[in-house]
Amino acid sequence: MRATRRPSTIVGKANAGKPDKRPLGIPVICDRVVQMACKLVIEPIFEQTEIVDCDIRGFFENVDHNILLKLVRRRISDPRVLMLISGWLQVARDYMRGPASINELREMLEGLGISLPITENTSILGETVDVGNRISPNRFVALPMEGADCDMDGSPTGLTFRRYERMAAGGAGIIWLEACAVAHGGRSKANAFFLQKSNLAMYKELVDRMRNAASQDIICILQLTHSGRYSKPGGEPKPVMVRHCPELDEAENLPDDYPLATDRFLDELVNSYVEAAVLAQQAGFDGVDVKACHGYLVSSLLGAHERKGKYGGSYEHRTRFLKDVITAIHKQCPSLLVTVRLNIFDGMRYPYGFGVSNTNPEVPDLEEPIRLVKQLGAMNVALLGVSMGYPRFDPHFGRPSATGQTEHPLVGIKRFCDLTGQVQAAIPGIPVVNAALAWVEAAFPQVAAGLVESRATQLIGQGRNGIAYPDSVRDILETNTFSRNACCVACSGCSRLLRDGKHVGCIVRDKSVYNA
Ligand SMILES: Cc1cc2nc3c(=O)[nH]c(=O)nc-3n(C[C@H](O)[C@H](O)[C@H](O)COP(=O)(O)O)c2cc1C
Ligand code: SF4
């Protein structure tokens with residue numbers, strides 16, 4: 001009997017007592033037999049060892065498979081058994097790989113009974129796009145990606161310059177720089193971006209070096225944020241809470257009575273956004289983004305149904321802070337572009353999320369998000385980035401990843417593209433950025449072109465490929481190629497680096513600089 005080493009299907013398996021699910025591969029019959037035979041051989045060998053019984057979160061995704069195999073080799077020498085074990089590990093890793101061709105993508109979609117637009121002629125991606133009073137030379141956006149490589153005062157370092165010069169040289173028309181705190185207390189970590197008067201010259205240099213590295217007139221946007229409940233200004237958690245949420249509070253070990261930021265604090269924070277925008281303009285950025293996604297402060301306010309006072313409760317109250325910030329920046333810096341990256345679907349149960357059905361947290365309800373994007377459009381927002389989910393809680397809504405994946409990646413991509421299409425249809429005059437496509441790998445250019453052609457988005461964002469494969473835009477536009485040997489493999493390595501407080505880069509494609 002031969003093992004196929006390929007699961008027949010992958011399902012989301014509920015974790016006892018937890019809201020999330022984990023992917024579970026169902027092996028075909030012959031694999032089950034071979035796995036059982038293998039277990040009978042190796043179990044007695046390992047049972048002689050002292051066993052510690054414990055539950056390690058995300059064990060398979062986080063354990064180093066090379067070390068694991070080395071340890072197994074110490075006890076087992078039969079090459080056939082070793083080959084089987086390493087094969088099973090490899091298959092589980094490969095499950096996260098996307099399609100190797102357009103045809104493979106078509107087959108996968110057909111098998112799942114879903115569709116995505118696919119256009120073989122990708123020239124539409126090289127078209128210019130009006131972004132407020134600027135013009136993007138093409139339809140690609142390098143999405144914000146925290147690098148955690150600044151000095152303690154928030155100044156860019158050599159690694160920061162390297163990341164952004166590579167991105168700018170790679171060909172994207174818009175470089176959307178990562179989250180930059182508007183106040184020290186809102187930094188997500190001790191080495192996060194933080195633009196101040198004292199380090200303005202360093203940020204000027206960063207913008208200049210990006211423009212020099214690019215072979216075209218790029219648009220540089222700095223993302224402004226306050227990390228809210230995820231603030232760690234000196235490296236230790238110092239949450240600034242605008243509302244409670246039982247699941248998130250528990251995950252962060254926060255008591256029910258942890259105090260909430262006052263309305264006065266939020267009133268004053270509006271000024272911090274304006275001050276940061278003024279500095280960004282002085283540094284040479286074309287625009288600033290008001291980050292309203294992923295559960296950070298502004299995003300958290302959008303779902304503050306239970307908060308009392310002027311920033312919580314009704315739709316008007318919950319969206320007030322975001323709108324006040326935009327209005328104040330426009331007033332102070334009329335020629336600066338203002339963009340918004342918005343979570344249109346949090347995936348959190350009502351009343352703790354934005355854009356969710358009030359009966360099922362897995363089901364989006366875009367009534368409020370569409371109302372908001374129309375209002376943002378009327379407020380002259382230059383560009384709207386769509387995002388979903390809280391990366392620290394339900395990352396699969398925003399990006400397929402090796403951890404926390406509970407559905408087939410294409411199901412999530414389809415959801416993302418459909419919802420983004422609804423947002424783009426609501427504001428046809430404003431470019432919307434789709435950020436869902438990394439996993440389609442070899443078919444990336446054709447799906448991107450299909451989405452643009454079908455008007456489901458005007459701009460195509462690249463997050464992890466911005467660090468894994470920064471030259472991908474150039475390859476697509478100049479040679480109509482996209483290398484599967486250079487692209488992101490959705491291994492979650494960079495997210496782990498971020499979580500572990502290390503400098504962030506691609507551990508697969510840039511491993512001479514970054515390693516796990
Ligand atoms: C390590 C890491 C850092 C990120 N930093 C930011 C950030 O600063 N701001 C933001 O809006 N999104 C951030 N994101 C989300 C990405 O911009 C992007 O939405 C996500 O990775 C999905 O796109 P992709 O599949 O092309 O990577 C980050 C993602 C990762 C993995
Ligand atoms: S480490 Fe590299 S390959 Fe892995 S998810 Fe990040 S960018 Fe992709």
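The coordinates are above.
Residue numbering note: each chain is counted from 1, following its sequence as written. Each chain is given a letter, starting from A, and each ligand a number, starting from 1, according to the order in which they appear as written. Only residues with pLDDT of at least 70 get local features here, since the model is predicted, and only at 80 or more are side-chain atom pairs given and counted; chain-wide, interface and lining totals rely on the full set of residues. To get the side-chain values, all heavy atoms of the structure are used, and hydrogens and water are removed first.

### Notes on the site of ligand 1
Phase 1 of the analysis: In the vicinity of ligand 1 lie 22 residues, with Pro-144, Glu-146, Gln-223, Arg-341 and Arg-464 positioned nearest.
Phase 2 of the analysis: Within the side chain of Gln-223, an N or O atom sits 2.7 Å from a nitrogen atom of ligand 1.
Phase 3 of the analysis: All accessible areas in this document rest on Shrake-Rupley with a 1.4 Å probe, and a residue is counted as covered only by the protein chains that are shown. Considering ligand 1 on its own, with 610 Å² of exposed area, one finds that the protein chains cover 95% of that surface.
Phase 4 of the analysis: When residues of the shell around ligand 1 are traced back to their parent elements, those giving at least two are β6 (174-181) and α17 (493-499).
Phase 5 of the analysis: Here the residues of the shell around ligand 1 sort into ten nonpolar, six polar and six charged. Only a single heavy atom is needed: when it lies within 4 Å of a molecule or strand, its residue is near that molecule or strand. Identification of polar contacts relies on pairs of N or O atoms within 3.5 Å, with a donor-acceptor requirement for protein atoms, meaning one able to donate a hydrogen and the other able to accept it, and with residues adjacent in sequence counted only if both atoms are side-chain atoms. Elements are defined by DSSP. Helices are runs of H or I of four residues or more, strands are runs of E of two residues or more, and each kind is numbered from the N terminus. Any residue that is not Ala, Val, Leu, Ile, Met, Phe, Trp, Tyr, Cys, Pro, Asp, Glu, Lys or Arg is counted as polar, Gly included; the first ten are nonpolar and the last four charged.

### Some thoughts on the sheet that holds strand β9 (residues 337-345)
Phase 1 of the analysis: For two strands to count as paired, DSSP must find a minimum of two bridges between them. Reading around the circumference, β5-β6-β7-β8-β9-β10-β11-β12 is the order of the eight strands in this closed barrel, with parallel pairing throughout. Strand-to-strand twist in this sheet, taken as the mean axis angle between neighbours without regard to direction, amounts to 30°.
Phase 2 of the analysis: Bridge count between strand β7 (residues 219-225) and strand β8 (residues 287-292): four bridges; the pairing is parallel. Bridge pairing links Leu-222 to Val-288 in β8.
Phase 3 of the analysis: Against the sheet, helix α6 (residues 158-169) touches β5 (140-142) and β6, its axis set at about 155° to β6. Axis angles are defined between N-to-C directions and span 0 to 180 degrees, where every axis is a line fitted to C-alpha atoms and, for a helix, only to the segment in contact. In what follows, a contact means two residues having at least one pair of non-hydrogen atoms within 4.5 Å.

### Section: the packing of helix α12 (residues 367-378) against helix α13 (residues 409-426)
Phase 1 of the analysis: Following both chains from N to C, one finds α12 and α13 inclined at 40°, their axes separated by 9 Å at the closest point. It follows from the interaxial angle that α12 and α13 lie oblique. In the packing of α12 onto α13, the handedness of the crossing is right-handed. Residue-level contacts link Ile-370, Val-373 and Lys-374 of α12 to Gln-422, Val-423 and Ala-426 of α13.
Phase 2 of the analysis: Looking at side-chain class alone, the contact of α12 with α13 contains four nonpolar, one polar and one charged residues. Angle categories: roughly parallel below 35 degrees, roughly antiparallel above 145, roughly perpendicular from 65 to 115, and oblique for all the rest. By definition, any crossing whose near helix is turned counterclockwise from its far helix by less than a right angle is left-handed, and any crossing with a clockwise turn is right-handed.

### Re the site of ligand 2
Phase 1 of the analysis: Taken together, Arg-464, Ala-468, Cys-488, Val-489, Ala-490, Cys-491, Ser-492, Gly-493, Cys-494, Cys-506, Ile-507 and Val-508 make up the full set of residues near ligand 2.
Phase 2 of the analysis: Among the detected pockets, ligand 2 sits in the largest cavity.
Phase 3 of the analysis: Residue classes in the shell around ligand 2 are distributed as nine nonpolar, two polar and one charged. Two kinds of site are reported from a 1 Å grid over the protein atoms alone, namely cavities, where a 1.4 Å probe fits but cannot get out, and pockets, open sets with protein on both sides within 12 Å along at least five of seven lines, and residues are called lining when an atom falls within 4 Å of a point. If over half the atoms of a molecule are within 2 Å of the grid points of a cavity or pocket, the molecule is regarded as sitting in it.

### Notes on empty space enclosed by the protein
Phase 1 of the analysis: Grid points are joined across faces, edges and corners, and a volume is the space filled by probe spheres set on the points. Counted under the stated rule, the structure contains four cavities of 30 Å³ or more.
Phase 2 of the analysis: Estimates place the volume of the largest cavity at around 90 Å³.
Phase 3 of the analysis: Together, 14 residues line the largest cavity, and Arg-464, Cys-488, Cys-491, Cys-494 and Cys-506 are the ones closest to its centre.
Phase 4 of the analysis: Among the secondary structure elements, those contributing two or more residues to the lining of the largest cavity are α15 (465-468) and α17.
Phase 5 of the analysis: Along the lines of polarity and charge, the residues of the lining of the largest cavity split into ten nonpolar, three polar and one charged.
Phase 6 of the analysis: Reported here for the second largest cavity is a volume of approximately 70 Å³.
Phase 7 of the analysis: Taken together, 13 residues line the second largest cavity, and the ones lying closest to its centre are Ala-142, Ala-172, Gly-466, Pro-470 and Val-473.
Phase 8 of the analysis: Taken together, the elements giving at least two residues each to the lining of the second largest cavity come down to β5, α15 and α16 (472-479).
Phase 9 of the analysis: Class assignment for the residues of the lining of the second largest cavity results in seven nonpolar, six polar and no charged.

### Some details on helix α11 (residues 315-332)
Phase 1 of the analysis: The end-to-end C-alpha distance of α11, which contains 18 residues, comes to 26 Å, matching closely the 26 Å that a straight helix rising 1.5 Å per residue would cover.
Phase 2 of the analysis: To obtain the bend at a residue, axes are fitted to the seven residues ending there and to the seven starting there, and the angle between these axes is taken. Its axis deflected by about 40° at Phe-321, α11 carries its strongest bend there.
Phase 3 of the analysis: For α11, the set of buried residues is Tyr-315, Arg-318, Thr-319, Phe-321, Leu-322, Lys-323, Val-325, Ile-326 and Ile-329.
Phase 4 of the analysis: Buried positions along α11 lie against α9 (263-283), β8, α10 (297-302), β9 and α12. Multiply 1.5 Å by the residue count of a helix minus one, and that product is the helix's expected span. The buried label applies to any residue whose accessible area, calculated with a 1.4 Å probe on protein chains only, is under 20% of its type's maximum; exposed applies above 50%, and partly exposed to all values in between.

### A look at the pattern of salt bridges
Phase 1 of the analysis: Salt bridge, as used here, is a side-chain nitrogen of Lys or Arg placed within 4 Å of a carboxyl oxygen of Asp or Glu. Tallying each qualifying case throughout the model produces 25 salt bridges.
Phase 2 of the analysis: A salt bridge links Asp-510 to Arg-162; its shortest N-O distance comes to 2.9 Å. In this pair, Asp-510 is assigned in the segment after α17 and Arg-162 in helix α6, connecting sequence segments 348 residues apart.
Phase 3 of the analysis: Since its relative accessible area comes to 6%, Asp-510 is described here as buried.
Phase 4 of the analysis: Under the relative-accessibility criterion, Arg-162 is labelled partly exposed at 26%.
Phase 5 of the analysis: A salt bridge links Lys-323 to Glu-316, with the nearest nitrogen and oxygen atoms 3.4 Å apart.

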